[in-house]
Amino acid sequence: MSRSGRLFLLMDAMRAKRVPVTAAQLAQQLGVSERTIYRDIQTLAELGAPLQGEAGVGYLLRRGTFLPPLMFDADELEALVLGARWVRRQGDAALAQAASAALAKIAAACSSDRRDLRDSIAETSLWVPLGRAADADAAADRFVQPVREAIRHECKLTLAYQDEHGSATARTVWPFALAYFEGKRLLAAWCELRGDYRHFRIDRIASVDSGERYPKRRHELLGVWRKMYDIEPES
């Protein structure tokens, strides 16, 4: 393996860690000596990588703007392209635009004089069917973005909602998750009226109003909900 390729792998290994990782652990993962890891760490630091730590303690890649040239293998590239294409079909208009912009940024960051990643993306033969799913309600899509934003900012939502029997109800909820099923969007939230966790189909919402921040943190609600339904955390 070339040294540049090894540096890419080292960066990827460190990006995946949230706690300091020792040179011994990195050496074992990459199949090289600890001395090589120490030398590569020094090279990355000289290139401006936001590293912290020291020999014998461990190293951590801090959050920062450092972004060296990226490279993806064939499977990684196909996963990115397929995921972005799925979002362009299943997401709301803002997410669809963001997916296209993200692919363009990836292509720009990864292209070189010898290889234009835009060609590889265009030639990826994994496709999501065009158009909306048969049971998708395009009119309901206008509520997806405000629901996403309320989840992001941990804000209460007041919903005008119709239950499965067609009965109208008003709910104030604490939204914390949004599931994208084929043609349907399902909001998971704490419902003040019921005093419990509830799920709401976006296509049954008649109106949405965003309010103040709810009193708990989103990750706390999400954690309890996952335990209730035995849902494994996403990696």
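What you see is a predicted model; the values in this text were computed from it and never measured.

## So, the confidence of the model for the protein chain
It should be kept in mind that the predicted coordinates are not to be read in detail where pLDDT is low. For the protein chain, mean pLDDT is 84; residues scoring 70 or higher make up 86% of the total. At the level of individual helices and strands, the protein chain shows its lowest average pLDDT in helix H6 (residues 117-122), which scores 75, and its highest in strand E3 (residues 155-162), which scores 97.

## A short note on the packing of aromatic side chains
As enumerated under the stated definition, the model contains eight aromatic pairs in all. The interplanar angle of 70 degrees and the centroid separation of 6.4 Å between the aromatic rings of tryptophan 86 and tyrosine 180 together place this pair among those described as edge-to-face. Here tryptophan 86 is found in helix H4 (residues 74-90), whereas its partner tyrosine 180 is found in strand E4 (residues 168-181), with 94 residues between them in sequence. Note on tryptophan 86: relative accessible area 31%, which makes it partly exposed. Between the aromatic rings of phenylalanine 176 and tryptophan 225, the centroid separation amounts to 5.6 Å while the plane-to-plane angle is 70 degrees, which identifies the pairing as edge-to-face. Within this pair, whereas phenylalanine 176 is found in strand E4, its partner tryptophan 225 is found in helix H8 (residues 218-229), the two being separated by 49 residues in sequence. Here tryptophan 225 falls in the buried class, since its relative accessible area comes to 15%.

## Here we look at the sheet that holds E3
Across the sheet, five strands lie side by side as E6-E5-E4-E3-E7; this open sheet has antiparallel pairing. Only two strands of the sheet have a single neighbouring strand rather than two, namely strand E6 (196-201) and strand E7 (205-213). Within this sheet the neighbouring strands show an average axis-to-axis angle of 45 degrees, counted without direction. Inspection of the sheet shows E4 paired to strand E5 (residues 184-191) by eight bridges, in the antiparallel sense. Note on E5: the bridge partner recorded for alanine 177 is alanine 188. Lying over the sheet, H8 contacts E4, E5 and E6, oriented at roughly 90 degrees with respect to E6.

How each quantity is defined
- Residues numbered from 1 in each chain as written.
- Predicted model: local features only at pLDDT ≥ 70, side-chain atom pairs only at ≥ 80, totals over all residues.
- Heavy atoms only, no water.
- pLDDT = per-residue confidence, 0-100.
- Helix = DSSP H or I, 4+ residues; strand = E, 2+ residues; numbered from the N terminus.
- Phe/Tyr/Trp six-rings, centres within 6.5 Å; stacked < 30°, edge-to-face > 60°.
- Buried < 20%, exposed > 50% of the residue type's maximum accessible area, 1.4 Å probe, protein only.
- Pairing = 2+ DSSP bridges.
- Axes fitted to C-alpha atoms, helices over the stretch in contact; angles between N-to-C directions.
- Contact = heavy atoms within 4.5 Å.

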